[in-house]
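Residue strings, one per chain:
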Amino acid sequence: MKLKAVITAAAPGQRHILHQTLATPDNRRPTMGEFLLELLAEAVDEIGIVIPSGDRAPFEALFAGTGRRITLIEQLEAKGYAHAIHQAREFVGSQPFLHLVGDHFYLADQGPISALTAELVRLHAAEGCSVSAVLPTREGLLPYFGAVGGPALGSKLYQVETVLEKPTPTQAERELVAAGLRQGHYLCFFGIHLFSAGLMDILHNHMEASGTVPSLSYALQLLARQERYLATVLPGRRFDIGSKYGLLQAQLALGLQGKDREEILTMMLELTAR
Amino acid sequence: MTLVDRIVTKAHAPFEEWTAGKSLEQLLAEASRLEAFRKDATNLYERVRALVFLSTLHRFSIGPAAAEAALIPYRAIEHVRSRRFEQAIAELLAAGIASPAVSSALAIAYRGLAFQTLADQVRQSVRRFPGNQWMFRTGHLADYPLRLRSELSTPNPFPVLHETTPVRMDLSHSAWSDIFFLAMDYPEGARVINISVDLAVRGTGMATRPPVEAFLRVIDEPVLRLVSVDLGAAVDVSSLEEVFDFARDYLGLLKAAVIASGLLPAGLEGSGQKLADVLARLIGRDGCGIELVSQVNDIPKGSRFAVSTNLLACLISLCMRATGQIRTMTGPLEEDDRRQVAARAILGEWLGGSGGGWQDSGGVWPGIKLIAAEESGAGDPEFGVSRGRLLPRHRLLDEVPAAARRRLEESLVLVHGGMSQDVGPILEMCTERYLLRSGKEWQGRQEAIRLLDELQAALREGDVQRLAALTQANYDGPIQAIIPWAGNAYTEALIAKCQSQFGAGFWGFWMLGGMSGGGMGFVFDPAVRPAALDAMPTILAETKRAMESSFPFAVEPVVYDFTINENGTIAELRQGREAVLSAPYYLLRAPGDLRQEARLLTAERRSELTRFAQRYGDQTEALFERMIPKEAEAAGGAGPQLTELLAANGFDPAAHEQLRADYRAGRVGLAQNRLPANTMIEDVRPEHVAVVSLAEAPAGVAALRAGRLAMVTMAGGVGSRWTKGAGVVKALHPFHRIQGRYWSFLDIQREKARRAEVPHVVTTSYLTYAPIAATGARVSAGKSIGLRMVPTVADLRYLWEVLPQQQLDAQKQKVRESGRASLLQWVRSVGEASDYTDNIASQCIHPVGHWYELPNLLRNGTLAGLLTERPELDYLFLHNIDTLGATPAAELLGQHIASGAGMTVEVIGRQYDDHGGGLALVNGKPRLVEGLCLPDERVEFGLRYYNTGSYWITIDALLRVFGLTRQQLRDEAKVTEAVRRTAQRMPSYVTIKEVKKRWGRGQEDVFPVAQFERLWGDMTAIEEFGCRYVEVSRQRGQQLKDVSQLDAWVRDGSAAAVVDLVTGLRP
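Residues numbered from 1 in each chain as written. Chains lettered and ligands numbered in written order. Predicted model: local features only at pLDDT ≥ 70, side-chain atom pairs only at ≥ 80, totals over all residues.

Caption draft 1: Up close: the overall build of chain A. The helix and strand tally for chain A stands at ten helices and twelve strands. For 274 residues, the compact-globule formula gives about 19 Å, and the C-alpha radius of gyration of chain A, at 19 Å, lands near that figure. By its C-alpha atoms, chain A is 60 × 45 × 35 Å across when sized along the principal axes. When the 274 residues of chain A are sorted by exposure, 43% land in the buried category. In chain A, of all internal contacts separated by at least 6 residues, the share reaching a separation of at least 24 is 72%. (Helix = DSSP H or I, 4+ residues; strand = E, 2+ residues; numbered from the N terminus. Rg over C-alpha atoms; globule rule 2.2 N^0.38 Å. Buried ≥ 20, exposed ≤ 12 C-beta atoms within 10 Å, placed from the backbone. Contact = placed C-beta atoms within 7 Å.)

As structure tokens, this is what we get:
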């Protein structure tokens, strides 16, 4: 069975990110949106993209001609990340779904990037539960990511017990211990998740009961308490395009991974030497 | 069972029992076994216990039993000085010789290693505490992981985060069981009941409130602004180096909080990062900074409420809230966060070079709680290293009913007795005795543990009368059994007065913290308490007045109002028009702003002044007061009182100016004290030193009976080492309890003279004359006085960089060096060799050395008077006030008479702690040399004999040296001229002493000052005087210079010997 995927691209600072182009070694200039579709590849057959209210036209133009089944979901009020996901509740129905943040760019260490998603889907099929991709991240970057903690189940697999959004290293040391990581490194979200429908229920129930939107990390913390929730380290890298010089970093990494590596290094050296 | 077996089996058997009756060979064999054991031991506490056993064996058993005369190898001394204890031990053991000197050095090295090992372990545990580790890894801006909460970085105006914290008072600490080392080795015995309280000084009209508070906000300048409102200090820190420079100003505690809270983590030290960049990353705005303000509300230092630890915890909690390390920005803390704050406070104390026990941050928790150590388990950083965890568990005693809490408030009178003392030596003594399981002390510990259970029950039942009886029993029993110096004569006097004035209405005394004399509790029947509250200020003031020359009082005593604080530390956010700090803050800071033109102020400052005016309109008058310069304050320092004192004590301004010129020009100075380079200095040979023999005792007895001897006790000094420059009359300090009564040094010396039936004269100086004369002792008034000077930079550098110094623990050494840099800055700013006048008058002047104390007897007519009363008087026994074993012994007097010498000097075999010269052959002639005139310390440690400062003097020989006869002693002009002439033959030394300057609420600064002194030992260089030397026992010859010597003085039997002397058990 193929899955549905939800990409969030509705945050005020993110509305142009999917339109952003990056140069590739074959001198194509695909957009970030295209990269994300490539990442999803065969794993999904239908993609829901949560976009800012009133932005439908540019997004339709962006995905026209991709040949993928894409549903644009407008977030009518900017009420945060968890709320954006919740907007896709009807779209996903009661099925598990893949979720990608729209402001990250991904590279696999080897092979096509769709292998990253495929691994997540494989794990989900094997374990029958929610799985988040994580990346061991040094503590200096904690202010930018959500992070999880819990016991190791294998060399790259963890049972999630604690989820904290942008924790301080003080909290991380106390609550996000995970075996097998270098000192000062924590399992931060990679930006790709495969959630069970339980997450949508948690979000929905909370909003119904309190009238407020919980943070996604809070909802995931509840998810970890209610059902089995795993995290896995994928063989790839992620770049936060929304952060300062995130785009530059992504472009450099992409370039250095291809045939023009020497040329780019020379370019950088020239710039540095000036 | 060997000592090693005891360690391995964790047997609680007194160490002293094992050593009793052992031969030197047995002791040495055990020392070898312990040495081998401690090297292989993997368990930290087994290693430490073995080290303390070894230290004690050498100090009290092997040293006294060893007969060899081997000296301490100088390399070993250098190793100890540099804290290379392992190398020192290896060096000392390599010789394979047991001598008292070598054992004294081994004792020091083993002890040093034991405490260093323990301190390292605590430091390591603090660093490894989860939540603290990252701070030591963050070494680059890119790694800096904290962000200020967004609520705080929104301008116009920037909100103010405000934290208030109560202080803690302990009902019982189960005999200092919260010392980290103890609690980590004996967790089952480590329990404290501790209560968070709000305070107000009674009579100020203020309601009780949390005694410490702190504020944090963003400011529109890229600096770290640190302000201590109560110390009146503020600084804009613009570099990271300055943040890590603790002793540079009065803001060390705030800096420690900034670092320990992770705001500027420890890893950034020396990283080369820019403070402004770190602040920009933290705040998320360029060009902005942080202001951190601390405020202690009217609580004097030495309060025993752990004010500084709780202030540190308050600041740390505030900074952690601001950076999201604590979940809740406002309100009370959750348990996990309290523990984290407590762990950071321990770290902060270590950074600042201070430290107490784990109960000190108790104010972070609310109300009444039982704090108990916990055994470490798998997963704890301490597991496998120590039995206990670093941090204890706090349990709120909710079972104590509200009525009981109220009753406690209605019965207890809290006071600050006025004394501010360093509790550090007591904590070390306590640790050592615990590790030795010394009999009486171990029983005391068990008793204290039992009392805590009873106290808990009394609290539960609300039986405050029982509770008071228990705290009194705790003080009278275990506390003083373990550390007699936790009590003192002042406290006893206060208790006695409460008993006599209130009878059965006084329920008991309650010692707070580590020792008495500062913060203390007196529990009364609630019906009597109002009267007691009214009477207490008078009782305190009168008792203090009667004892102030003999105790180091730092402040006037005060009585507090108090209430139990049921919140613990708590925070609030002040926004919009409410975004202001406290009124005292503005009284400190606003004058500076108001003196500037408004256009020069930043927009934030201008708007803040408006908010201040709106919020604190009633403070305008106080602000105006602050801005008017005060004439009296402007004059500053000692002023007219000093001029009068100098005039009254024969100060010679012309000679002083000459000295200043010489000092400034570098003609005199520490380096110039040394003997010329071509002087030959060697150790004496056996024929130069006599041994004590009873052969001449009958002649001595006859001379004593014939009234031919008088005893002269030198008491002109103020015991700078005893009270660290506090300027009290050491002679009158009641330091030891004998048969239920406190005895002063003078009491002991007078009693010995009385028992020997010899006339007794006490020589004094301007500082000690009146208080000693008031005791009824026969005093000889000082006739000479000097005015202290600010030292030269060259001398301070010589003292700190050239002369050998004991290095401190790494962090303490860092703080010391930072403090020294500030002192050099102080010297430059006030002027080298200028008069030191910025203190109370008595701290600005100094006695000009003990050489003058005997000539003063000539000048002030005391000797003439004695000779008139007793024409048969031929000899004087001159000694220091603190040579407690010195007696007018017949055998020594007999030997002196038989030798025909002008002066016999008592010397003892040198041990590690004996610094400051000794007996030497100088150019082939035996004489005493002062340490400060030896070319280097290596020479000093090559001299086997140390001067005790006790001299037998033939009066006629002395007078011959001065060119006088007995008859001429009545001719004042002749005597004055003779003294002046002889003084000119004596070298004058520059010495650097430390003086305390007190200010604010019991705050103290210590300054180095230069003074010029002539010393009596140089009389031995006068050939015609005819000096000889006799070696006496250590018990007779040792001097008590430092409070930290007291413990060993009791344990090596010296105290018991003195008790025998003054109670008649020994002739």
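Caption draft 2: Quick peek at the confidence of the model for chain B. All names here are of chain B. Per-residue confidence for chain B averages 90 on the pLDDT scale, and 98% of its residues sit at or above 70. Mean pLDDT across the elements of chain B bottoms out in helix α23 (residues 631–635) (47) and peaks in strand β1 (residues 160–165) (98). Across residues 632–636, confidence stays below pLDDT 50; counting only partners more than four residues off in sequence or on other chains, it has two contacts. Listed scores for the predicted complex are pTM 0.87 and ipTM 0.85. (pLDDT = per-residue confidence, 0-100.)

Caption draft 3: View of the domain arrangement of chain B. Residues and elements named next belong to chain B. In terms of domain boundaries, chain B breaks down into domain 1 (3–128), domain 2 (580–629) and domain 3 (641–792 + 832–1063). On a C-alpha basis, the centres of domain 1 and domain 3 stand 35 Å from each other. Facing the twelve residues of domain 1 at the interface are twelve residues of domain 3. Broken down by secondary-structure element, the contributors of at least two residues to the side of domain 1 that touches domain 3 are α4 (44–65), α5 (74–81) and α7 (100–128). Of all the elements, α7 adds the most residues to the side of domain 1 that touches domain 3, at five residues. Among the residues making up the side of domain 1 that touches domain 3, the classes are represented as ten nonpolar, one polar and one charged. (Domains from an automatic or database assignment. Nonpolar A, V, L, I, M, F, W, Y, C, P; charged D, E, K, R; others polar.)

Caption draft 4: Representation of the interface of chain B and chain A within the structure. Between chain B and chain A, the contact holds 16 residues from the first and twelve residues from the second. When its residues are assigned to classes, the side of chain B that touches chain A shows six nonpolar, seven polar and three charged.

Caption draft 5: View of the packing of helix α27 (residues 745–756) of chain B against helix α40 (residues 1054–1063) of chain B. All names here are of chain B. Packing of α27 against α40 leaves a shortest axis separation of 8 Å and a crossing angle of 50°. Relative to α40, the element α27 is oriented oblique. The interaxial crossing formed by α27 with α40 has left-handed handedness. Across the interface between the two elements, Ile748, Glu751 and Lys752 of α27 pack against Val1058, Leu1061 and Val1062 of α40. (Axes fitted to C-alpha atoms, helices over the stretch in contact; angles between N-to-C directions. Parallel < 35°, antiparallel > 145°, perpendicular 65-115°, else oblique. Left-handed = near helix turned anticlockwise from the far one by under 90°.)

Caption draft 6: Main features of the nonpolar core. Ala105, Ala109 and Leu315 of chain B are the most contacted members of the largest nonpolar core, which totals 315 residues. Looking at which element gives the most residues to this core, the answer is α7 of chain B, with 13 residues. Beyond its immediate stretch of four places on either side in the chain, alanine 105 of chain B contacts Ile72, Ala76, Ile77, Val80, Leu92 and Tyr912 of chain B. Counting residues in hydrophobic clusters, the runner-up holds 74 residues, among them Ala133, Tyr158, Leu187 and Leu199 of chain A. (Core = buried A, V, L, I, M, F, W, Y, C linked by C-beta atoms within 7 Å.)

Caption draft 7: A look at the sheet that holds strand β28 (residues 925–930) of chain B. Residue and element names in this part refer to chain B. With antiparallel pairing, three strands are arranged side by side in an open sheet as β16-β27-β28. Each of the sheet's edge strands pairs with one partner strand only, and the pair in question is β16 (681–682) and β28. Where strand β27 (residues 917–922) meets β28, six bridges bridge the pair, whose relative direction is antiparallel. Bridge pairing links glycine 918 to valine 929 in β28. (Pairing = 2+ DSSP bridges.)

Caption draft 8: Focus on the sheet that holds strand β4 (residues 212–219) of chain B. All names here are of chain B. The strand order across the open sheet formed by seven strands is β6-β5-β7-β4-β1-β15-β8, and the pairing between neighbours is mixed. Both outer strands of the open sheet, β6 (233–237) and β8 (331–332), are each paired with one neighbouring strand and no more. Pairing of β4 with strand β7 (residues 289–296), which is carried by eight bridges, proceeds in the antiparallel orientation. When the bridges of β7 are listed, isoleucine 219 appears paired with glycine 289. Its contacts with the sheet put helix α20 (residues 583–594) on β5 (224–228), β6 and β7, and the angle it makes with β7 is roughly 120°.

Caption draft 9: View of the pairing of strand β20 (residues 741–744) of chain B. Residue and element names in this part refer to chain B. Across four bridges, strand β19 (residues 734–738) lies against β20 in antiparallel orientation. Counterpart to proline 734 in the pairing with β20 is serine 744. Remark: two residues form the turn of the hairpin made by β19 and β20, two consecutive strands paired antiparallel; glutamine 739 in that turn has positive phi of roughly 50°.

Caption draft 10: Highlighting helix α13 (residues 335–351) of chain B. Spanning 17 residues, α13 of chain B covers 24 Å between terminal C-alpha atoms, matching the ideal 24 Å at 1.5 Å per step. Within α13 of chain B, 15 of the 17 residues are buried, which leaves the element mostly enclosed by the surrounding structure. (Expected span 1.5 Å × (residues − 1).)

Caption draft 11: How the structure looks around unusual backbone geometry. All names here are of chain B. Here the bond from asparagine 156 into proline 157 is cis, since omega is -15°, no more than 30 degrees from zero. Here the phi dihedral of asparagine 923 falls at roughly 50°; this positive angle occurs in a residue that is not glycine. Position of asparagine 923 relative to the elements: it lies in the loop between β27 and β28.

Caption draft 12: The packing of α20 of chain B against helix α22 (residues 620–627) of chain B, seen in detail. Residues and elements named next belong to chain B. In contact at an axis separation of 9 Å, α20 and α22 are set at 65° when each is read in the N-to-C sense. With respect to α22, the axis of α20 lies roughly perpendicular. Taken as a pair, α20 and α22 cross one another with a handedness that is right-handed. Side by side, α20 and α22 meet where Leu587, Ala590, Pro591 and Leu594 of the first sit next to Ala622, Leu623, Arg626 and Met627 of the second. Of the residues belonging to the contact of α20 with α22, the class tally is seven nonpolar, no polar and one charged.

Caption draft 13: Seen up close, helix α7 (residues 198–210) of chain A. Residues and elements named next belong to chain A. End to end, α7 covers 18 Å across 13 residues, agreeing with the expected 18 Å (1.5 Å per residue, within 8%). For α7, the full list of buried residues reads Leu199, Met200, Ile202 and Leu203. One side of α7 holds all its buried residues, which, seen down the axis, span an arc of 160°. Of the exposed residues in α7, the ones pointing more than 90 degrees away from its buried face are His204, Glu208 and Ala209. In the core, the buried residues of α7 are packed alongside α3 (81–86), α4 (89–92), β6 (130–138), β10 (185–195) and α8 (216–226). Phi turns positive one or two residues past the end of α7, at glycine 211, with a value near 75°. (Arc of directions from axis to C-beta.)

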